[in-house]
Amino acid sequence: MEPILDAAARAAVGEAMRRVADAEIRPRFRALADHHVHLKGPGDYVTEADLEAERALTPLLREILDVPVVGEEATAADPSVVDVLATEGTAWTVDPVDGTANFVEGSDTYAVMVGLVEGGVPVGGWILQPEFGRMFEALQGVGAFLDGRSLAAGVERSRGDDARAAWEGKEPRGAVSVRYAADGVREGLLAAEPELGGYEDLRMCAGFDYADLVTQQVGFLVYTRAKPWDHVPGAAIAAEAGFTVGRLDGSGYRPAVEVGAPLLAARTDRWESIREVLARNLGL
């Protein structure tokens, strides 16, 4: 079966993301006026950069593949936009500025993310880290790449751009956030921590969390929220790089389902053993 996008189309997605980041996002980084920042909910920011970047990127993606675009900000304005992900059709997902709170605070840990869903499952992902110039991308059946270099679990363990990590035979710690977890879930995750060797904090930017996972800076990720624009790109990249993303109750990851058991992303050969520890402590 032929990939849904050819090589030229895959490259065009990355080019569009870089162009929009340079035109709409990076000029506003550390230059936002107060009236350019708003709260959609507790701790949930939207900025002029989010809005303008999504407006610019949406038609560019439809020029590459003319299917619906499920953008974070479009969905905030019209929640029915996301319904297309529950169909057997094809759709883009867009997170114009992932890690908006970081962006507002002046942290360079933010990303631009595009995903591609077909038949209700992630099949493509692109993650651009604008302030670092790094692009992670993948398409089902083609592979996963970092700046054009193939990514495969266990092959590359880089910290930063050129330094090698010293692992001393140990698996890196997982990254988990309990900030948004319900009380019972929070208690279960914390109870499992000693058995799993301790946790790092998530970066509050899925575009960096999934990058840390596929370059094995962290051993696994656990999320208690699963917005599609946050997870479709990373799930697609992870799958092509030898990782598994799924629910702790044993079900797979479906972008149309935002609530349910926490989401676990881990190297495929470790996914089930980690899931068993977490599920036992959560009573799943």
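Up top you'll find the structure we're talking about.
Nothing here was measured: the structure is a model prediction, and the numbers come from that model.

## Remarks on the pattern of salt bridges
1) Next: For the structure on display, the rule yields 15 salt bridges.
2) Next: Between Glu48 and Arg28 there is a salt bridge, with the nearest N and O atoms lying 2.6 Å from each other. Placement of the pair is Glu48 in helix α2 (residues 48-64) and Arg28 in the loop between α1 (7-25) and β1 (37-41), with a sequence separation of 20 residues.
3) Next: Glu48 sits in the partly exposed class, given a relative accessible area of 25%.
4) Next: Arg55 serves as the salt-bridge partner of Glu52, at 2.5 Å between the closest nitrogen and oxygen. Residue Glu52 and its partner Arg55 are located together in helix α2, separated by three residues, close to a single helical turn.

## Side note on the pairing of strand β4 (residues 90-98)
1) Next: Burial of β4 is extensive: nine of the nine residues sit out of reach of the surface.
2) Next: One ladder, built from three bridges, connects strand β3 (residues 69-71) with β4; its direction is parallel. In the sheet register, Val69 faces β4, and the bridge partner there is Trp92.

## Thoughts on the nonpolar core
1) Next: Residues Phe136, Tyr210, Leu213, Val214, Leu221 and Val245 are the most contacted members of the largest nonpolar core, which totals 38 residues.
2) Next: Within the residue set of this core, elements represented by two or more residues are β5 (111-118), β7 (134-139), β8 (143-146), α6 (206-214), β14 (220-223), α7 (228-240), β15 (243-247) and β16 (263-267).
3) Next: With six residues, α6 is the largest single contributor of residues to this core.
4) Next: In terms of nonpolar packing, the next biggest core, distinct from the first, is built from 30 residues, Ala9, Val13, Leu57 and Val69 among them.

Here is what the cut-offs are and how they apply
- Residues numbered from 1 in each chain as written.
- Predicted model: local features only at pLDDT ≥ 70, side-chain atom pairs only at ≥ 80, totals over all residues.
- Heavy atoms only, no water.
- Salt bridge = Lys/Arg side-chain N within 4 Å of Asp/Glu carboxyl O.
- Helix = DSSP H or I, 4+ residues; strand = E, 2+ residues; numbered from the N terminus.
- Buried < 20%, exposed > 50% of the residue type's maximum accessible area, 1.4 Å probe, protein only.
- Pairing = 2+ DSSP bridges.
- Core = buried A, V, L, I, M, F, W, Y, C linked by side-chain atoms within 4.5 Å.

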